[in-house]
Amino acid sequence: LRMHNGTIYRWNRPVYDIHGGQPHLRIENRVLPAGPSIVDVFANGAFYYGLLRTLAAQDRPVWSQTSFATAEENFTEGARHGIHAQLYWPGLGTVPVTELVLRRLLPMAQQGLAAWDVGTAGSDRLLGAIERRCTAYRNGAEWQAEMFHRIDEQRQPLDRRDALREMLRRYTEHMHANEPVADWPIG
């Protein structure tokens, strides 16, 4: 079972382990994307759990309002184009993912967090990080690509490996400052 846990990565998975001589079983939920900063991790969690609360309370689940093929297309589009993806959402049609988040999903997440009794100041701070990603068109992947190309343009000729190393150095520096990735400078 322990070997299976190390080779199978499902979004929700049972994990069997032994700690201190005691066996235990837990369920891991791995739907949340990583950072790049701690505040980004908390923002992702607030967004996800706020949406979850609101969507779970709806009379008609969102998955019943669209076909599996459309959901698969959305997944593929999101994987290929990230923050620049165009996604289908019931009642809106096909829209830029940033517009979907700003117009529909952020208000739903805010409503869900309020239902969980999360204070306005906390939810505004965390969901504000998500909002800034959308308005700046900058998430962790976009920042990395943008920074790599900026470094590569500024320091000709620079070996690809050195440009990646410098991008990672700056990424680590910003990550430890614990500012949302949308606020990280480029350059």
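Scroll up for the structure.
Residues numbered from 1 in each chain as written. Predicted model: local features only at pLDDT ≥ 70, side-chain atom pairs only at ≥ 80, totals over all residues. Heavy atoms only, no water.

1. Things to note about the environment of R104
Part 1 of the argument: With respect to the helices and strands, the residue R104 is situated in helix α4 (residues 97-115).
Part 2 of the argument: Among all residues touching R104, those that are not within four sequence positions of it are W89, P90, L92 and E99. (Helix = DSSP H or I, 4+ residues; strand = E, 2+ residues; numbered from the N terminus. Contact = heavy atoms within 4.5 Å.)

2. Examining a nonpolar patch on the surface
Part 1 of the argument: Side chains of L32, Y49, L52, W116 and V118 sit close together on the surface and give an oily, nonpolar patch of about 430 Å² of accessible area.
Part 2 of the argument: When you line up the elements, W116 lands in the loop between α4 and α5 (120-136).
Part 3 of the argument: Of the residues examined, W116 reaches a relative accessible area of 46% and is grouped as partly exposed. (Patch = residues over 30% accessible without salt bridge, like charges linked within 9 Å, V, L, I, M, F, W, Y side chains within 5 Å. Areas by Shrake-Rupley, 256 points an atom, 1.4 Å probe, with all protein chains shown as cover. Salt bridge = Lys/Arg side-chain N within 4 Å of Asp/Glu carboxyl O. Buried < 20%, exposed > 50% of the residue type's maximum accessible area, 1.4 Å probe, protein only.)

3. What to know about the nonpolar core
Part 1 of the argument: Counting residues in hydrophobic clusters, the biggest one holds 23 residues, and the most contacted among them are F47, L100, V101, L105 and L127.
Part 2 of the argument: Elements with a contribution of two residues or more to this core: α2 (38-57), β3 (86-89), α4 and α5.
Part 3 of the argument: Ranked by the residues each element gives to this core, the list is headed by α4, at eight residues.
Part 4 of the argument: Apart from the residues within four sequence positions on either side, L105 is in contact with F47, L51, W89 and L100.
Part 5 of the argument: Formed by 10 residues, the second largest nonpolar core is a distinct cluster that contains M147, F148, I151 and A163. (Core = buried A, V, L, I, M, F, W, Y, C linked by side-chain atoms within 4.5 Å.)

4. Some points on the packing of helix α6 (residues 140-154) against helix α7 (residues 160-177)
Part 1 of the argument: Running from N to C, α6 and α7 point in directions that differ by 130°, and their axes come no closer than 9 Å. On the basis of the axis angle, α6 is oblique to α7. The two elements α6 and α7 cross, and the hand of that crossing is right-handed. Side by side, α6 and α7 meet where W143, Q144, M147, F148 and I151 of the first sit next to R160, A163, L164, E166, M167, R170, Y171 and H174 of the second.
Part 2 of the argument: When grouped by side-chain class, the residues that make up the contact of α6 with α7 number eight nonpolar, two polar and three charged. (Axes fitted to C-alpha atoms, helices over the stretch in contact; angles between N-to-C directions. Parallel < 35°, antiparallel > 145°, perpendicular 65-115°, else oblique. Left-handed = near helix turned anticlockwise from the far one by under 90°. Nonpolar A, V, L, I, M, F, W, Y, C, P; charged D, E, K, R; others polar.)

5. Digging into the side chain of T98
Part 1 of the argument: When you line up the elements, T98 lands in helix α4.
Part 2 of the argument: What makes T98 buried here is its relative accessible area of 3%.
Part 3 of the argument: Among the polar contacts made by the side chain of T98, one reaches the side chain of Y137 at a distance of 3.3 Å.
Part 4 of the argument: Those residues in contact with T98 that sit more than four places away from it in its chain are I83, C134 and Y137. (Polar contact = N/O pair within 3.5 Å; in protein donor to acceptor, adjacent residues only side chain to side chain.)

6. Points about the packing of aromatic side chains
Part 1 of the argument: The final tally for this structure, using the stated rule, is four aromatic pairs.
Part 2 of the argument: Pairing W143 with W184 gives two aromatic rings, centres 5.1 Å apart and planes at 90°, and the pair type is edge-to-face. In this pair, W143 sits in helix α6 while W184 sits in the segment after α7, placing the two residues 41 residues apart along the sequence.
Part 3 of the argument: For W143, a relative accessible area of 0% corresponds to the buried category.
Part 4 of the argument: Classification of W184 by relative accessible area gives buried; the value is 3%.
Part 5 of the argument: With a centroid separation of 5.4 Å and 85° between ring planes, the pair formed by Y171 and W184 is classed as edge-to-face. (Phe/Tyr/Trp six-rings, centres within 6.5 Å; stacked < 30°, edge-to-face > 60°.)

7. Some thoughts on the side chain of R138
Part 1 of the argument: Summarising the element assignment, R138 is placed in the loop between α5 and α6.
Part 2 of the argument: Setting aside anything within four residues of it in sequence, one finds R138 in contact with I83, R133, W143, E146, V181, A182, W184 and I186.

8. A closer look at the pattern of salt bridges
Part 1 of the argument: What the rule picks out here adds up to eight salt bridges.
Part 2 of the argument: In this structure, the salt-bridge partner of E146 is R138, at a minimum N-O distance of 3.3 Å.
Part 3 of the argument: Taking the relative accessible area as the measure of exposure, R138 reaches 13% and is therefore buried.
Part 4 of the argument: R165 is the salt-bridge partner of D162, the closest N and O atoms lying 2.7 Å from each other. Here D162 and its partner R165 are both found in helix α7, three residues apart, which amounts to about one turn of the helix.
Part 5 of the argument: Among the ionic contacts, a cluster of salt bridges with common partners joins E166, R169, R170 and E173.

Interpretation in functional terms is not warranted from these geometric data alone.
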